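Inside the fold
If you want the building blocks of each chain, they are given just below.
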Amino acid sequence: GDLIAALSETLQVALTNEKLTSTFKEVVIGSFRDEQLQMDILDTFSSAMIGASKNDNFNRALHHAIGKGMSDALGNKEFMEASFAALVDALVAASQNDALRETMLNVVSQSVSDAVSDQRFMTELKGAIKECLKDSDIFRAGAAGFFGAVLPGKKAKETKKIMR
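Residues numbered from 1 in each chain as written. Predicted model: local features only at pLDDT ≥ 70, side-chain atom pairs only at ≥ 80, totals over all residues. Heavy atoms only, no water.

1. Brief notes about the environment of G75
Cut-off, in case you're wondering: The way it works is that DSSP assigns letters per residue, a run of H or I at least four long becomes a helix, a run of E at least two long becomes a strand, and they are numbered from the N terminus. We call two residues in contact whenever any of their non-hydrogen atoms come within 4.5 Å of each other.
By secondary structure assignment, the location of G75 is in the loop between α4 (56-73) and α5 (77-94). Between the C-alpha atoms of G75 and E131, which are 56 residues apart in sequence, the distance is 7.8 Å. With sequence-adjacent residues up to four places away left out, G75 is seen in contact with C132 and I138.

2. Some details on a negative patch on the surface
Basically, it comes down to this: Like charges are joined within 9 Å and nonpolar side chains (Val, Leu, Ile, Met, Phe, Trp, Tyr) within 5 Å, but only among residues with over 30% relative accessible area and no salt bridge; these make up the patches. Using the Shrake-Rupley algorithm and a 1.4 Å probe, accessible areas are obtained, with residue cover drawn only from the displayed protein chains. Salt bridges are identified by distance alone: a Lys or Arg side-chain nitrogen within 4 Å of an Asp or Glu carboxyl oxygen. Charge counting treats Lys and Arg as positive and Asp and Glu as negative, with His and both chain ends excluded. A charged residue contributes its charge at one atom only: NZ of Lys, CZ of Arg, CG of Asp or CD of Glu.
Negative charge collects at one region of the surface, where D34, E35, D40, D43 and D89 lie side by side. It is helix α3 (residues 35-52) that contributes the most residues to the negative patch, 3 residues altogether. Checked against the element boundaries, D89 lands in helix α5.

3. Side note on the confidence of the model for the protein
Put simply, the rule is: Confidence of the prediction at every residue is given by pLDDT, a number between 0 and 100.
On average, residues of the protein score 76 in pLDDT, and 90% of them are at 70 or above. Looking at the elements of the protein, mean pLDDT is at its lowest for helix α9 (residues 156-163), recorded as 52, and at its highest for helix α6 (residues 98-117), recorded as 82.

4. Some words on the side chain of T103
With respect to the helices, strands and loops of the structure, T103 is situated in helix α6. Excluding anything up to four places from it in sequence, T103 contacts M49 and I50.

5. Here's the deal with the side chain of S46
Mapped onto the secondary structure, S46 falls in helix α3. The contacts of S46, once residues within four sequence positions are left out, are N97 and L100.

6. Digging into a nonpolar patch on the surface
The line we're drawing: The cut-offs for exposure are 20% and 50% of the maximum accessible area for each residue type, with area from a 1.4 Å probe on protein chains only; residues under the lower value are buried, those over the upper are exposed, and the others partly exposed.
A grouping of L37, I41 and F45 is seen on the molecular surface, where their side chains present a nonpolar patch of about 230 Å² in accessible area. Assessed through its relative accessible area of 35%, F45 is described here as partly exposed.

7. Brief notes about α6
Put simply, the test is: Under the convention used throughout, the expected extent of a helix is 1.5 Å for every residue step, that is, one less than its residue count. It is the directions from the helix axis to the C-beta atoms that the arc portrays. Each polar contact in these results corresponds to two N or O atoms within 3.5 Å; when the atoms are within protein, one needs to be able to donate a hydrogen and the other to accept it, and residues that are neighboring in sequence are counted only if both atoms are side-chain atoms.
Relative to the 28 Å expected for 20 residues at 1.5 Å per residue, α6 spans 29 Å between its end C-alpha atoms, a close match to the ideal helical length. Burial in α6 covers these residues: L100, T103, V107 and A115. In a view along the axis of α6, the buried residues occupy a sector of 90°, so they form one face of it. Turned more than 90 degrees off the buried face of α6, the exposed positions are D98, L105, V116 and S117. Taking the backbone nitrogen of A99 as reference, a side-chain oxygen 3.1 Å away marks N97 as the first, capping residue of α6.

8. Considering the layout of surface pockets
Our working definition: Residues are said to line a cavity or pocket when one of their atoms sits within 4 Å of a point; the points come from a 1 Å grid over protein atoms alone, cavities being sets where a 1.4 Å probe fits but cannot get out and pockets being open sets with protein on both sides within 12 Å along at least five of seven lines. Grid points are joined across faces, edges and corners, and a volume is the space filled by probe spheres set on the points. The residue classification treats Ala, Val, Leu, Ile, Met, Phe, Trp, Tyr, Cys and Pro as nonpolar and Asp, Glu, Lys and Arg as charged. All others, Gly included, are polar.
As a volume, the second largest pocket reaches approximately 200 Å³. Together, E35, Q38, M39, L42, D43, D89, A90, A93, A94, Q96, N97 and L100 line the second largest pocket. Residue assignment for the lining of the second largest pocket shows that the elements contributing at least two residues are α3 and α5. When residues of the lining of the second largest pocket are assigned to their parent elements, the largest contribution, 5 residues, is made by α3. Across the lining of the second largest pocket, the residue classes break down as 6 nonpolar, 3 polar and 3 charged.

9. What about the pattern of salt bridges?
This structure, assessed with the given rule, holds 1 salt bridge. A salt bridge links R120 to E124; its shortest N-O distance comes to 3.4 Å. Taken together, the positions of R120 and E124, both in helix α7 (residues 119-134) and 4 residues apart, correspond to about one turn of that helix. On the basis of relative accessibility, which here comes to 32%, the residue E124 falls in the partly exposed class.

Here it is in structure tokens:
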């Protein structure tokens, strides 16, 4: 319990460090472009999620950290575009692994349920979404990443035409 609380507090402090979050974003975006790393991450993530899904304290700390990280990431155009493209690719790969798919469905269901019940998280998420929707460049970057992943054969110009 104390270790999880300490890790959660450390993550919260680390997420407010601008240099650290900037470096982290660069590393995450770079990893989205490496196919072997994506596969290794999926394998590691699968094993870790199966074990971690059994620890309530870890799940609460993870939900909090993810909520904060998502609020910050929603405001970053490059991160949003790369995230949508990588998410679609990862979902396609993960859907082929029955154990991972079942675990992810359970974790996502529980996370969404917990997040919807957390008033502070919902307030932050609504505010972040409103801000993103106000900025047409961020909205377009996210949509371009999504459509680029869903329609990989389309060129960037064709994807932009679909969005308009």
